[in-house]
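# Chain and residue survey
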Amino acid sequence: MKAVLIEADTISSAWSRLIYEIYKNGEDHKPDYSTGTRRLHATVVINDVDTDQVNSFVPFGENLIKKYKEELTEEYADWYVSLPDDDRRKFDYCYAKQLFRYGETAYDTLSENVKNLRVGSRRHVGVLWENEVHIPKFEDQPCWIAYKLELLNETDVRLYILYRSWDAFGGFPANLPAIVEGFKKVFRENDMPYRIESLMATGWDTHIYEADLQAVEKIFKTAELCPRCGNIAAKHAFISTTKGRVCLQCKSRM
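In this report, we go over the structure that sits alongside the text.

Conventions and cut-offs
- Residues numbered from 1 in each chain as written.
- Predicted model: local features only at pLDDT ≥ 70, side-chain atom pairs only at ≥ 80, totals over all residues.
- Heavy atoms only, no water.
- Helix = DSSP H or I, 4+ residues; strand = E, 2+ residues; numbered from the N terminus.
- Rg over C-alpha atoms; globule rule 2.2 N^0.38 Å.
- Buried < 20%, exposed > 50% of the residue type's maximum accessible area, 1.4 Å probe, protein only.
- Contact = heavy atoms within 4.5 Å.
- Arc of directions from axis to C-beta.
- Core = buried A, V, L, I, M, F, W, Y, C linked by side-chain atoms within 4.5 Å.
- Pairing = 2+ DSSP bridges.
- Right-handed = clockwise from strand over helix to strand, strands pointing away.
- Phe/Tyr/Trp six-rings, centres within 6.5 Å; stacked < 30°, edge-to-face > 60°.
- Polar contact = N/O pair within 3.5 Å; in protein donor to acceptor, adjacent residues only side chain to side chain.
- Salt bridge = Lys/Arg side-chain N within 4 Å of Asp/Glu carboxyl O.

To continue, consider the overall build of the protein chain. Each helix and strand counted, the protein chain has nine helices and twelve strands in total. Its C-alpha radius of gyration of 19 Å places the protein chain within 12% of the 18 Å reference for a compact globule of 254 residues. If one aligns the C-alpha atoms of the protein chain with their principal axes, the spans along those axes are about 60 × 50 × 35 Å. Taken over 254 residues, the protein chain has a buried fraction of 48%. The contacts in the protein chain between residues at least 6 apart in sequence include a share of 61% that link residues at least 24 apart.

Pasting the structure below:
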């Protein structure tokens with residue numbers, strides 16, 4: 001399986017370049033269930049997690065991303081664990097529960113890590129995968145399985161994210177903004193002066209589902225990557241400049 005490293009300025013640009021790379025160079029794969037994928041191993045480095053989070057070609061609107069951001073909170077975890085086991089609103093796994101009310105111990109790994117951050121430490125890790133719970137299941141295990149926080153100086157934090165399986169087309173553009181907002185909220189609520197300086201996300205199996213490949217193909221028939229910012233933009237929305245063709249967004253910044 002091919003491995004790629006994508007370094008991008010924004011979440012939008014990282015998503016654009018990642019789905020292009022998988023679509024063009026990914027390996028077709030048949031998992032042990034019925035849905036095929038095109039995949040590769042990817043590490044994505046994002047230097048600015050706050051600006052330009054959502055590309056206009058993302059297959060859903062801002063409302064869904066807002067909903068995801070609301071669900072990756074301690075309040076949501078409290079509500080979720082209060083539901084009876086047979087409640088239909090419960091599902092196979094809940095990231096908020098794993099972050100804030102982990103397993104049987106009810107240990108809030110994220111808040112504890114934030115409170116104890118030390119410059120130079122590599123120990124501020126949280127695991128969302130529970131072997132005794134998830135290994136026996138045939139499917140529907142958590143895709144996001146771990147994170148690490150690294151305090152670079154008094155204010156800057158580098159966030160590491162690890163996926164065992166990562167839906168690049170439909171999952172990436174919703175879960176990364178939500179994860180960023182969830183971590184920032186914990187910083188605020190603990191009165192910590194931290195900011196996310198950069199994010200490094202690794203997907204051991206980063207893929208586009210077979211059912212979504214047609215939608216991706218349709219995108220690249222009418223759009224392309226801007227050579228300057230790396231974002232997907234409509235082909236008719238490029239401008240020729242002395243520095244080459246750029247998208248309208250880049251042109252406005254020049």
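What helix 3 (residues 74-82) keeps buried is the set Y76, A77 and Y80. End-on view of helix 3: buried residues confined to an arc of 100 degrees, all on one side of the axis. Looking at the buried positions of helix 3, the neighbouring elements they touch are helix 2 (62-71) and helix 4 (95-100).

Turning to the nonpolar core, a few remarks are in order. Ranked by internal contacts, the top residues of the largest apolar core, which has 60 residues, are W144 and F172. Contact partners of W144, with chain neighbours within four places excluded, come to L72, Y95, L99, L128, I161, L162, Y163, I179 and F183. Formed by seven residues, the second largest nonpolar core is a distinct cluster that contains A233, V246, C247 and C250.

The next subject is the pairing of strand 8 (residues 195-209). Sheet topology places strand 3 (residues 37-46) next to strand 8; nine bridges connect them, and they run antiparallel. Across the sheet, the residue bridging to V44 is A201, located in strand 8. As defined by bridge partners, strand 6 (residues 156-163) adjoins strand 8 across eight bridges and the pair is classed as parallel. Looking across to strand 8, one finds that L162 is bridged to T202. Where strand 7 (residues 166-167) and strand 8 come together, two bridges link them in parallel fashion. Among the inter-strand pairings, D167 is bridged to a residue of strand 8, identified as H207. One crossover worth recording links strand 7 to the parallel strand 8 by way of helix 7 (residues 172-189), and it is right-handed.

Here the focus is the packing of aromatic side chains. If you walk through the whole model with that rule in mind, you get ten aromatic pairs. An angle of 75 degrees between the planes, with centres 5.2 Å apart, marks the rings of Y20 and F220 as edge-to-face. With Y20 in helix 1 (residues 11-25) and F220 in helix 8 (residues 210-222), this pair connects stretches of sequence that are 200 residues apart. The class for Y20 is partly exposed, based on a relative accessible area of 31%.

The next point concerns the side chain of S12. Along the chain, the position of S12 falls in helix 1. At a separation of 2.4 Å, a polar atom in the side chain of S12 contacts the side chain of N231. Filtering out sequence-adjacent residues up to four positions away, S12 remains in contact with D52, Q53, V54, N55 and N231.

Moving on, we come to the pairing of strand 6. Where strand 5 (residues 144-151) meets strand 6, seven bridges bridge the pair, whose relative direction is antiparallel. Paired with Y147 across the two strands is I161, which belongs to strand 6.

A full pass over the atoms with the stated rule returns 15 salt bridges. Linking K185 and E75 is a salt bridge whose minimum nitrogen-to-oxygen distance equals 2.9 Å. Of this pair, K185 sits in helix 7 while E75 is found in helix 3, placing the two residues 110 residues apart along the sequence. Where E197 meets R158, a salt bridge forms, and the shortest distance between an N and an O atom there is 3.8 Å. Here R158 lies in strand 6 and E197 lies in strand 8, a separation of 39 residues in the sequence. A network of salt bridges, in which partner residues are shared, links E27, R39 and D205.

It is worth stressing that arrangement in space is one thing and function is another; only the former is reported here.
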